[in-house]
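# Coordinate analysis (summary)
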Amino acid sequence: YFAAETRCDLAGQKLLVTAGATRESVDPVRFFTNHSSGKMGYAIAEAAVKRGADVVLVSGRTNLNPPAGVEFVQIDSAEEMYQAVIARYDEMDIVVKSAAVADYRPKVVHTNKMKKKSGDLVMELERTRDILAELGARKMHQFLVGFAAETENVEENARGKMERKRADMIVANNVAEAGAGFGVDTNIVTIYTRDGEAQQLPQMSKADIADRILDAVVAARKQEA
Ligand code: CTP
Ligand code: CA
């Protein structure tokens, strides 16, 4: 047994991880986003580098410094994240989609700042592309890890996402729980695989969870081989 720091079980593997929130512009001064801090994805990127992987980190804007040794790609919108990921997909062995991608964006992006008027405003939103589902549809040799942020029916929703998006693994977290989800340094997750049992982890640091996720990826790929 080796400590995570000296384990090299991802040597030579190409791993792409997405992290953080996307930003969907309304006009030159406004955007829609969400509470994702990027901490979980950055922890995965850092852990993967330590285990010997070649890591690409595709990230929305965060307050975090990219871990040493990663190829860092910063994006804003869901569409930019999609383009950055798809362009590198063929050469990847493992893709981990921990980013909180906007599901909707404003249908019209105004070139000039919107001026307020009297009364309420109704804004039309359109769906963004589901990046993980696209990766699943185009999957060749890659091992695909998705996340599921849920506030209820965690297992059912997580397994449904794994099926629909053809992911090999889903890491689910109940974002309504204290000590889990957005912004905090710890998380409480359950790891689901296609044929394996659910692996429920206790509250842990995001760094430790990152290593447990990578342990599960290594184990699942060994089983497949
Ligand atoms: N995801 C993605 N592209 C999107 C939306 C989500 O790649 N446009 C990915 C996320 O990065 C995550 C997984 O899909 O790995 C699940 O995201 P989540 O928001 O939990 O689920 P959704 O499928 O978007 O469904 P809902 O938000 O309605 O629960
Ligand atoms: Ca979503």
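Treat the numbers as computed from the prediction; the structure is a model and nothing was measured.

### Some words on the coordination of the calcium ion (ligand 2)
Looking at the calcium ion (ligand 2), the protein donor atoms are Asp-103 (OD) and Asp-103 (OD), and they sit 2.4 to 2.7 Å from it. Mapped onto the elements of the fold, Asp-103 is located in the loop between β6 (94-97) and β7 (104-106).

### Some points on the nonpolar core
Counting residues in each nonpolar core, the largest one holds 34 residues, and the members touching the most others are Leu-15, Val-17, Ile-44, Val-55, Met-169 and Ile-213. Of all the elements in the fold, those that place two or more residues in this core are β1 (14-19), α1 (39-50), β4 (54-59), β6, β9 (143-150), β10 (169-174), β12 (189-193) and α5 (206-224). Ranked by residue count, the leading element in this core is α5, at 8 residues. Not counting the four nearest positions on each side in its chain, Leu-15 is found in contact with Ala-48, Ala-53, Asp-54, Val-55, Val-56, Met-92, Ile-94 and Leu-214.

### Considerations on the side chain of Asp-27
If you trace the backbone, Asp-27 turns up in strand β2 (residues 24-27). On the basis of relative accessible area, Asp-27 is assigned to the buried category, the value being 3%. A polar contact is formed between the side chain of Asp-27 and the side chain of Arg-30, at a distance of 2.5 Å. For Asp-27, the side chain forms a polar contact with the main-chain nitrogen of Met-114, separated by 2.9 Å. Setting aside residues no more than four positions away along its own chain, Asp-27 makes contact with His-110, Asn-112, Lys-113 and Met-114.

### Remarks on the site of ligand 1
If you check the shell around ligand 1, you find 16 residues, and the closest are Lys-97, Leu-132, Phe-147, Lys-161 and Lys-165. One nitrogen or oxygen atom from the main chain of Leu-132 is found 2.8 Å from an oxygen atom belonging to ligand 1. Backbone polar atom of Ala-149 to an oxygen atom of ligand 1: 3.1 Å apart, as the coordinates give it. In isolation ligand 1 offers 570 Å² of accessible surface; the protein chains occlude 77% of this area. Assessed atom by atom at 2 Å from the grid points, ligand 1 resides in the largest pocket. Secondary-structure elements contributing two or more residues to the shell around ligand 1 are α3 (131-137) and β9. Tallying contributions element by element places β9 first for the shell around ligand 1, with 4 residues. A breakdown of the residues in the shell around ligand 1 according to their chemical character gives 8 nonpolar, 2 polar and 6 charged.

Conventions adopted
Residues numbered from 1 in each chain as written. Chains lettered and ligands numbered in written order. Predicted model: local features only at pLDDT ≥ 70, side-chain atom pairs only at ≥ 80, totals over all residues. Heavy atoms only, no water. Donors = N, O, S within 2.8 Å, 3.2 Å for Na, K, Ca; no water. Helix = DSSP H or I, 4+ residues; strand = E, 2+ residues; numbered from the N terminus. Core = buried A, V, L, I, M, F, W, Y, C linked by side-chain atoms within 4.5 Å. Buried < 20%, exposed > 50% of the residue type's maximum accessible area, 1.4 Å probe, protein only. Contact = heavy atoms within 4.5 Å. Polar contact = N/O pair within 3.5 Å; in protein donor to acceptor, adjacent residues only side chain to side chain. Near = heavy atom within 4 Å. Areas by Shrake-Rupley, 256 points an atom, 1.4 Å probe, with all protein chains shown as cover. 1 Å grid on protein atoms, 1.4 Å probe; cavity = no way out; pocket = protein on both sides within 12 Å on 5 of 7 lines; lining within 4 Å. Sits in = over half its atoms within 2 Å of the grid points. Nonpolar A, V, L, I, M, F, W, Y, C, P; charged D, E, K, R; others polar.

So, to be careful, I would describe these as geometric facts and stop short of saying anything about function.
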